[in-house]
Amino acid sequence: MNEARTVDMTKTQSEPATGAEEARLRLLTDLPLSERRIQPAGISTSVLEGGNGPPIVLLHGPGEYAAKWFRVIPELIKSHRVIAPDLPGHGKSGAIDGPIKPDHLLAWLGELIEQSCQSPAILVGHILGGAIAARYAAAGGSGLRCLVLADALGLAHFQPAPQFGKALTTFVTEPTTETHDALWRHCAFDLDRLRTGMGPMWDSLKAYNLDRAQAASLKPTQQGLMEQFGFPGIAPDDLARIEVPTVLIWGRHDLATPLKVAEEVSARHSWPLYVIEDAADDPAIEQPAAFIKALQTAISKYGEATTAPDTTPDTHEAWDRIAVGYDKTNTETQMWLAGEALMYAKLQPGMQFLDVACGSGALAVPAARIGAEVFAVDQSPAMLQLLRDRAQKEALAIDTSVMDGHALQLEDDSFDMAGSQFGVMLFPDMPRGIREMARVVRPGGTVLVIAYGDPHEIDFLRYLVGAVQSVRPDFEGPPMDPPPLPFQLSDPERLRAELEAVGLKKVSVETINERTAFNSGEELWNWIVWSNPIVEEVLGELSLNQAARDAIRDALDKMVQEQADDGGQAYLTNPVNIGIGKK
């Protein structure tokens, strides 16, 4: 019979806790979890559980324990039933008597899933847990919705960087405070920043790590699991037998299993790869927000999304309101940029081209001029009408449809190229928009995303902030942490990562400068406020009256005149990121 109890985060119920147990409980403080002990395959197993929704099973790495997920559980528990066991011989789970038999361990995992999950589970395996999860799926293990491998062992023979291997061997042989920190210098991309960010929780993590590493009764099981699952590589043919959808999440600076291994496996099996920046082999600890985002993006593709499809905001009315102004001020000025991007992407006559969030045609019209067969979609009917008017004037054949880029009502593998200029960058769920673009592109096809670059280098934003400060001296511009939607892809590496995250290959990101001429402050003001509805939202929060708005335009006019050349035009520049990936 399984014993269940609620975890008491302040004291034990029967006897004083040891220092190590107190450290463990501190890691779990404020987490709405219960703890129970079950006996899958006859192995005494401690399991942390909590939340409601689709089940997600978290398998930790070697020498670790379920509590190590404490930095991501609070977010996961909002939308999923989280099941986090201590692996056999780890944490509070019992050791295995005798030699480790792989079939026994896989039976343990199968029974744990059966006993803990009411529906097919999302199985997330990290390092050693990833190797176990992969072998379970390759063996046809039941009860899975999808598989997520995070910096997993087992995808190749274990050949860590020499400095990592040396630090690991030293710690396993003699687990002390010094050897622990020496190992973590290689497990983390920036250990000092990690310790600072975790505060007192680092001391708790370290204390329990050391206690478990020093427990002689657990070492044979831990070593046996590494020998059977962590050190050997799974044969590519066995990995090919995994039938459930599988994705990879990897720290860019992993020294245990380098990113190159994940890239090769991703390419071989067409498994999407999500790369976490500024992280080594434990992104869930080091970059929890980025890990959560990658995980949510990955699992949303396979059924139970953390954000329901109908929760993306409908902003078509806001775009309808500015459509005429946008067409008058922005569309023509951005066609040069579109031409450059289409040249980089190598659009050819006769190709079938999809323009997502097309507006009134800044990208679609240049594509049609090249001779592509263009299908343009946008959620704003007013924008599409203006696009059709432009196409008719130039006798261009452009088909249009009202459609939300978060959920394209189009067949898979339908286009040679899908592009979005200053469109998908504004999506509330931008990764989902990019994933949809990749979905509808044929194998070998191209995804093109054009987005604003570094906001600190954007002239029109600097001018606007300066002009607003003439009436509101304390105005510092839109908050940049996190960046607002127009700048969520301003970092070229973020754009690269998002394209790679949906499985695109040969990803390149070029940053070029867009140069736009303005004759007056009034012209610049209109260009800015009609560029997207978010600008007016920011200005609206300042409660500016008409006199203040007039003063801002006057300030802009003065700036433009000071910058103007002999012809009376001021040229403002801004960096633009052009991201291209192949399916």
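Given the structure is predicted, the values throughout are model-derived calculations rather than measurements.

The rules behind each value
- Residues numbered from 1 in each chain as written.
- Predicted model: local features only at pLDDT ≥ 70, side-chain atom pairs only at ≥ 80, totals over all residues.
- Heavy atoms only, no water.
- Pairing = 2+ DSSP bridges.
- Helix = DSSP H or I, 4+ residues; strand = E, 2+ residues; numbered from the N terminus.
- Axes fitted to C-alpha atoms, helices over the stretch in contact; angles between N-to-C directions.
- Contact = heavy atoms within 4.5 Å.
- Expected span 1.5 Å × (residues − 1).
- Bend = angle between axes of the 7 residues up to and from the residue.
- Parallel < 35°, antiparallel > 145°, perpendicular 65-115°, else oblique.
- Nonpolar A, V, L, I, M, F, W, Y, C, P; charged D, E, K, R; others polar.
- Buried < 20%, exposed > 50% of the residue type's maximum accessible area, 1.4 Å probe, protein only.
- Salt bridge = Lys/Arg side-chain N within 4 Å of Asp/Glu carboxyl O.
- Disulfide = S-S within 2.5 Å.
- Polar contact = N/O pair within 3.5 Å; in protein donor to acceptor, adjacent residues only side chain to side chain.
- Left-handed = near helix turned anticlockwise from the far one by under 90°.
- Phe/Tyr/Trp six-rings, centres within 6.5 Å; stacked < 30°, edge-to-face > 60°.
- Lys NZ or Arg CZ within 6 Å of the ring centre and 35° of its normal.

Within the open sheet, the seven strands sit side by side as β12-β11-β10-β13-β14-β16-β15. Their pairing is mixed. Of all the strands in the sheet, just β12 (398-402) and β15 (505-518) have a single pairing partner and so form its edges. In this sheet, adjacent strand axes meet at a mean angle of 20 degrees when their direction is disregarded. Where strand β10 (residues 352-356) and strand β11 (residues 373-378) come together, five bridges link them in parallel fashion. Across the sheet, the residue bridging to Gln 352 is Glu 373, located in β11. Docked against the sheet, helix α18 (residues 430-440) engages β10, β13 (415-421) and β14 (441-452), running at close to 150 degrees with respect to β14.

With that settled, the discussion passes to helix α14 (residues 316-331). Taking 1.5 Å as the rise per residue, α14 with 16 residues should run 22 Å; its terminal C-alpha atoms sit only 18 Å apart, a clear shortfall. At Ile 322, α14 is deflected by roughly 55 degrees, the largest bend along its length.

Right, let's get into the packing of helix α6 (residues 177-187) against helix α7 (residues 191-198). One way to put it is that α6 packs onto α7 with a least axis distance of 9 Å and a crossing angle of 105 degrees. Taken together, α6 and α7 sit at an angle that is classed as roughly perpendicular. Contacts between α6 and α7 involve Asp 181, Trp 184 and Arg 185 from the former and Leu 191, Asp 192, Leu 194 and Arg 195 from the latter. Partitioning the contact of α6 with α7 into residue classes produces three nonpolar, no polar and four charged.

By the criterion of burial, strand β6 (residues 121-126) is predominantly enclosed, with six of the six residues buried. The side-chain alternation of β6 yields two buried faces, one formed by Ala 121, Leu 123 and Gly 125 and the other by Ile 122, Val 124 and His 126. With four bridges connecting them, strand β4 (residues 55-59) and β6 associate as parallel partners. Among the inter-strand pairings, Val 57 is bridged to a residue of β6, identified as Leu 123. Alignment of β6 against strand β7 (residues 144-150), held across six bridges, turns out to be parallel. Note that in β7 the partner of Gly 125 across the bridge is Leu 149.

What follows deals with the pattern of salt bridges. Tallying each qualifying case throughout the model produces 28 salt bridges. A salt bridge links Arg 36 to Glu 49; its shortest N-O distance comes to 2.8 Å. Of this pair, Arg 36 sits in strand β2 (residues 34-38) while Glu 49 sits in strand β3 (residues 45-50), placing them 13 residues apart in sequence. Relative accessible area serves as the criterion here: at 15%, Arg 36 is assigned to the buried category. The partner of Asp 211 in a salt bridge is Arg 212, with the nearest N and O atoms 2.6 Å apart. Asp 211 gets classed as partly exposed once you look at its relative accessible area, which sits at 27%. Take Arg 212: its relative accessible area is 18%, and that puts it in the buried class. Among the charged side chains, a salt-bridge network with shared partners connects Asp 181, Arg 185, Asp 192, Arg 195 and Lys 206.

With that out of the way, let us pick up the state of the cysteines. Across all of its chains, the model carries zero disulfides by this definition. With no disulfide of its own, Cys 117 lies 12 Å from the sulfur of Cys 146, the closest cysteine sulfur.

Across the 13 residues of strand β16 (residues 570-582), ten count as buried, placing the element largely inside the fold. Where β14 and β16 come together, seven bridges link them in antiparallel fashion. By the bridge assignment for β16, Thr 446 is matched with Lys 582. In the sheet, β15 pairs with β16 via twelve bridges, with the strands oriented antiparallel. Of the residues in β16, the one forming a bridge with Ile 512 is Val 576.

On to the environment of Thr 179, then. Secondary-structure assignment places Thr 179 in helix α6. Contacts of Thr 179, omitting those with residues within four sequence positions, involve Thr 170, Phe 171 and Glu 174. Reaching out from Thr 179, the side chain makes a polar contact with the backbone nitrogen of Thr 176 at a distance of 2.8 Å.

A word on the packing of helix α21 (residues 521-529) against helix α23 (residues 546-563). Running from amino to carboxyl end, α21 crosses α23 at an angle of 115 degrees, the nearest separation of the two axes being 7 Å. The two elements α21 and α23 cross, and the hand of that crossing is right-handed. On α23, the residues touching Gly 521, Glu 522, Leu 524 and Trp 525 of α21 are Arg 549, Ile 552, Arg 553, Leu 556, Asp 557 and Val 560. Its residues assigned to classes, the contact of α21 with α23 shows five nonpolar, one polar and four charged.

Think of a pair of aromatic rings as described by two things: how far the centres are apart, and how the planes are tilted against each other in angle. Counting across every chain of the model gives eleven aromatic pairs. A centroid spacing of 6.3 Å and a plane angle of 80 degrees characterise the contact between Trp 319 and Tyr 326, whose relative ring orientation is edge-to-face. There is no split in this pair, since Trp 319 and Tyr 326 are both buried. Connected via pairs of aromatic rings, a cluster forms that spans Phe 422, Tyr 452, Phe 460, Phe 487, Phe 518 and Trp 527. In this structure, Arg 515 is placed above the aromatic ring of Tyr 571, and the distance from its NZ or CZ to the ring centre is 3.9 Å.

Nothing here speaks to function; it is all geometry.
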